[in-house]
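# Summary of structural features
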Amino acid sequence: MIQEKEYMLRRELFAQKMAQFSVAIIGSSSTQTRSNDTEYPFRQDSNLYYLCGFKEENASLVFVKKRKKTEVYMFVQKKDKRLELWTGSRLGIAKAKEKFHVDDVFCSDAFDTKIKEWMSAKGVLYYDFNQSDARVKKLVKHFLTCKNIAPIIGKMRLIKSDAEIQLIKKAIAITKETHHKAMTLSGKLDFEYELQAEIEYAFKKNGAYSDAYTSIVACGNSANTLHYVNNDKKLVKGELILIDAGCEYEYYASDITRTIPVSGRYSDAQKELYDMVLDVQLKIIEMIQPGILRSKLHQASEKLLCEGMVKLGILKGDVKKLLKKAKHKKYYPHGIGHWMGLDVHDASPYKDKKNKEIKLQEGMVLTIEPAIYCKKDDTKIPKKFRGIGIRIEDDILVTKEGYENLSASIAKTTQEIENLS
Ligand code: GLY
Ligand code: MN
Ligand code: MN
């Protein structure tokens, strides 16, 4: 649990970053239509959640900064018996005043009127440029300049607090159970979606309301489609299944990939390829420490994977030349990993204001996910590797001394995985 005290601290920090005579508006996300009159489950905007932990829709936080002092206001939906019958209980204004240590709480309906009162600030308007809230866009013309709030809060979100790390650990603990369950079940089910259902059932059963992203359960050649989410093919004995699945716990993500054999045993060729990727993953994780650049980790993963590809006969030639010509990208087209937190691809910057890459620091969390994708119809590679896609992904916390692999206890070597099958 994140305490109100921590949210207050975050709001104070944010207020310090605002210019004098400015207004900042952070709105809730809006409900998304699935089709006709049905909606996707509502999920709060991560930045609003980061600053106050409020989960309801039609809400906003408004910061009004005069010279030095900043006042913080909150807008929430008012109690409404008729609507609450349909969509569930709302906190309401009175309770919100008790719960949140802000200067005042108003009804969402009063947003336009109240904002007008505070617009004497007139200097800078901060809002999320990617949010298409018409009420906010209307205000733009009344200010001298506008600034995007997203990179400012994104930067704050880069360093995780102890409480945030606990929630990420909990998300990973639940995800561990689900991956281990998948390892025991893979040979007993017929279709990818059955395995997906077992994984997502286990998320909910263990207290995680949602997945952090759509689970990928890709058997055989399907693993070579990076964002394969159809999960509708048969599980074929003798093939591998790439499972990229992670739950969200109290808004914090986990993001784990394991590649496991349908029949419980890796073939020699699958093992050769798997061990090569695993060796690279372990070496990259070992490099993690404060001060290193993520791009350095990526470059090292490209080099190591390219060397591995040459050893296994997937690429032919001199590693340096192959890397220069980017030949490896055909088999490893994505990056080594990404920030993770309130969003699976956490919305934090990779570069600072001067466009310089941000170095890894204590408290950051990132994924490490090297991979190799060998397409079924690729006649340039040894036959035994065709139709195999392997990715191995863990979630890593940067510590003072180096790193902590938060998902280290999820079975990962071929031996560990076979033992669970
Ligand atoms: N699950 C998405 C990713 O690994 O980045
Ligand atoms: Mn990832
Ligand atoms: Mn993933």
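Scroll up to find the structure.
Presented here is an overview of the structure given in this document. All values reported here derive from a predicted model rather than from experimental measurement. All chains use their own residue numbering, which begins from 1 and follows the written sequence. As a convention, the first chain written is A and the first ligand written is 1, with the rest following in written order. Note on the predicted model: pLDDT of at least 70 is required for a residue's local features to be given, and 80 or more for side-chain atom pairs to be given and counted; whole-chain, interface and lining totals, by contrast, use all residues. Values shown for side chains rest on all heavy atoms present in the structure; no hydrogens or waters enter the calculation.

## Details of the coordination of the manganese ion (ligand 3)
The following threshold applies: We call an atom a donor if it is N, O or S and sits within 2.8 Å of the metal, or 3.2 Å for Na, K and Ca. Water is not counted, so some sites may look partial. The geometry test gives tetrahedral to four donors whose angles all lie between 85 and 135 degrees, gives square planar to four donors and octahedral to six donors whose opposite members are over 155 degrees apart with all other angles between 65 and 115, and gives irregular to the rest. Strands are runs of DSSP state E lasting at least 2 residues, helices are runs of H or I lasting at least 4, and numbering of each runs from the N terminus.
Donor atoms from the polypeptide that coordinate the manganese ion (ligand 3) comprise Asp 244 (OD), Asp 244 (OD), Asp 255 (OD) and Glu 393 (OE), at 2.0 to 2.3 Å from the metal. Taken together, the six donor atoms coordinating the manganese ion (ligand 3) and their angles of 57 to 169° define a geometry best described as irregular. Mapped onto the polypeptide sequence, the residues donating to the manganese ion (ligand 3) form the spacing pattern D-x10-D-x137-E. A separation of 3.3 Å is found between the manganese ion (ligand 3) and the manganese ion (ligand 2), which share Asp 255 as a coordinating residue. With Asp 244 in strand β11 (residues 240–245) and Glu 393 in the loop between β17 (388–391) and β18 (394–398), the pair connects residues that are 149 residues apart, well separated along the chain.

## Re the pattern of salt bridges
To keep it simple, the criterion reads: We define a salt bridge as a side-chain nitrogen of Lys or Arg found within 4 Å of a carboxyl oxygen belonging to Asp or Glu. Only protein chains enter the accessibility calculation, which uses a 1.4 Å probe; a residue is then buried when its area is under 20% of its type maximum, exposed when over 50%, and partly exposed in between.
Inspection of every chain in the model, using the stated rule, returns 26 salt bridges. A salt bridge links Asp 109 to Lys 78, with the nearest nitrogen and oxygen atoms 2.7 Å apart. Of this pair, Asp 109 sits in the loop between β6 (104–107) and α5 (111–118) while Lys 78 sits in the loop between β5 (70–76) and α3 (81–87), and the two are 31 residues apart along the sequence. A salt bridge links Arg 391 to Asp 244; its shortest N-O distance comes to 2.8 Å. In this pair, Arg 391 is assigned in strand β17 and Asp 244 in strand β11, connecting sequence segments 147 residues apart. An identical accessibility class is assigned to Arg 391 and Asp 244; each is buried. A single salt-bridge network, built from bridges that share partners, covers Arg 157, Lys 160, Asp 343 and Asp 346.

## Focus on the sheet that holds strand β9 (residues 210–211)
Applicable threshold: Any two strands with at least two DSSP bridges between them are considered paired. Contact definition: two residues touch when any of their heavy atoms are within 4.5 Å. Axis definition: a line fitted to C-alpha atoms, over the contacting stretch in the case of helices. Angles run 0 to 180 degrees between N-to-C directions.
Overall, antiparallel pairing links the three strands, which are arranged β9-β12-β13 in an open sheet. In this open sheet, the two edge strands, each paired with only one partner strand, are β9 and β13 (252–253). Relative to strand β12 (residues 247–249), β9 is paired through two bridges, and the arrangement is antiparallel. Following the sheet pairing, Asp 211 is matched in β12 by Cys 247. Along the sheet face, helix α8 (residues 162–185) touches β12 and β13 and points at about 145° away from the line of β12.

## Topic: empty space enclosed by the protein
Vacant regions in the atomic arrangement are exposed by a probe of water-molecule size rolled over the atoms. How we decide: A cavity here means a set of points on a 1 Å grid, drawn over the protein atoms and nothing else, where a 1.4 Å probe fits but cannot get out; a pocket is an open set with protein on both sides within 12 Å along at least five of seven lines, and a residue lines either one if it has an atom within 4 Å of a point. Grid points are joined across faces, edges and corners, and a volume is the space filled by probe spheres set on the points. Three classes are used: nonpolar for Ala, Val, Leu, Ile, Met, Phe, Trp, Tyr, Cys and Pro, charged for Asp, Glu, Lys and Arg, and polar for all others, with Gly counted as polar.
Applying the stated criterion across every chain yields a total of two cavities of 30 Å³ or more. Roughly 40 Å³ of volume is contained in the largest cavity. In this structure, the largest cavity is lined by Ile 25, Ile 26, Gly 27, Tyr 127, Asp 128, Gln 131, Asp 133 and Val 136. Sort the elements by how many residues they give to the lining of the largest cavity and strand β1 (residues 22–27) lands first, with three residues. For the lining of the largest cavity, the class distribution of residues is four nonpolar, two polar and two charged. Taken together, Ile 25, Ile 26, Gly 27, Asp 45, Asn 47, Asp 128, Gln 131 and Ile 149 form the lining of the second largest cavity. The element best represented in the lining of the second largest cavity is β1, accounting for three residues. A per-class count over the lining of the second largest cavity returns three nonpolar, three polar and two charged.

## Re the packing of helix α10 (residues 268–286) against helix α11 (residues 294–311)
Inclusion rule: The scheme is simple: roughly parallel for angles under 35 degrees, roughly antiparallel for over 145, roughly perpendicular for 65 to 115, oblique for anything else. The sense of a crossing depends on the near helix, which, turned anticlockwise from the far helix by less than a right angle, makes the crossing left-handed and, turned clockwise, makes it right-handed.
Closest axis-to-axis distance for the α10/α11 pair is 10 Å, and the angle between their directions is 155°. If you check the angle between α10 and α11, you find them roughly antiparallel. Crossing angle aside, the handedness with which α10 passes α11 is right-handed. Packed against α10, whose contacting residues are Met 276, Val 277, Val 280, Lys 283 and Ile 284, the element α11 presents Leu 297, Ala 300, Ser 301, Leu 304, Leu 305, Gly 308 and Met 309 at the interface. Within the contact of α10 with α11, the residues separate by chemical class into nine nonpolar, two polar and one charged.

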